[in-house]
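Single-letter residue listing:
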Amino acid sequence: RLPPVLGYDVETNLIPKWNYLKDELKLSAYDVTRFPAYFSYPLDKIIMPRMRYLEMCNKKASVWGLNLILTPSDANFAIKVAQTEPQEYLSYKEAFLNQLQQVQEERARQ
């Protein structure tokens, strides 16, 4: 179904996504079986910003399901899932990515 996933690096790509799903989102293998394409989305650019934004909006990812959260465009995600204005989400995402980049640069210097 998703042959490209077989080429992903287990240590740097699949395990971090699995750990995030399990530890941060408190979701299970069942959730991945319903949407195996989860592993094809970038953790830092799509998965984390959307999940954290939903959390900030007091919305539970488990209510929506991974497919409805990850597949839409940023604008449709904001409108249909987060129920906010697209610009609000885009501003949040930009700030999130900037902060993440700063943390990564700081770790690289250490």
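Source: prediction; values computed, not measured.

Draft legend 1. Structural view of the packing of aromatic side chains. Throughout the structure, instances matching the rule amount to 7 aromatic pairs. Plain terms: the ring middles of Phe 77 and Tyr 89 are 4.9 Å apart, the flat faces sit at 65° to each other, and that makes the pair edge-to-face. Highlighted residues: Phe 77 in helix H6 (residues 74–82) and Tyr 89 in helix H7 (residues 86–109), separated in sequence by 12 residues. By relative accessible area, Phe 77 is classed as buried at 0%. Here Tyr 89 falls in the buried class, since its relative accessible area comes to 0%. Each ring, one from Tyr 92 and one from Phe 96, has its centre 6.2 Å from the other, and the planes form 25°; the classification is stacked. Remark: Phe 96 and Tyr 92 occur in helix H7; sequence separation between them is 4 residues, near one turn of the helix. Residue Tyr 92 shares its accessibility class with Phe 96, and that shared class is buried. Members of the aromatic cluster, connected to one another through ring pairs, are Tyr 53, Phe 77, Tyr 89, Tyr 92 and Phe 96.

How each quantity is defined
- Residues numbered from 1 in each chain as written.
- Predicted model: local features only at pLDDT ≥ 70, side-chain atom pairs only at ≥ 80, totals over all residues.
- Heavy atoms only, no water.
- Phe/Tyr/Trp six-rings, centres within 6.5 Å; stacked < 30°, edge-to-face > 60°.
- Helix = DSSP H or I, 4+ residues; strand = E, 2+ residues; numbered from the N terminus.
- Buried < 20%, exposed > 50% of the residue type's maximum accessible area, 1.4 Å probe, protein only.

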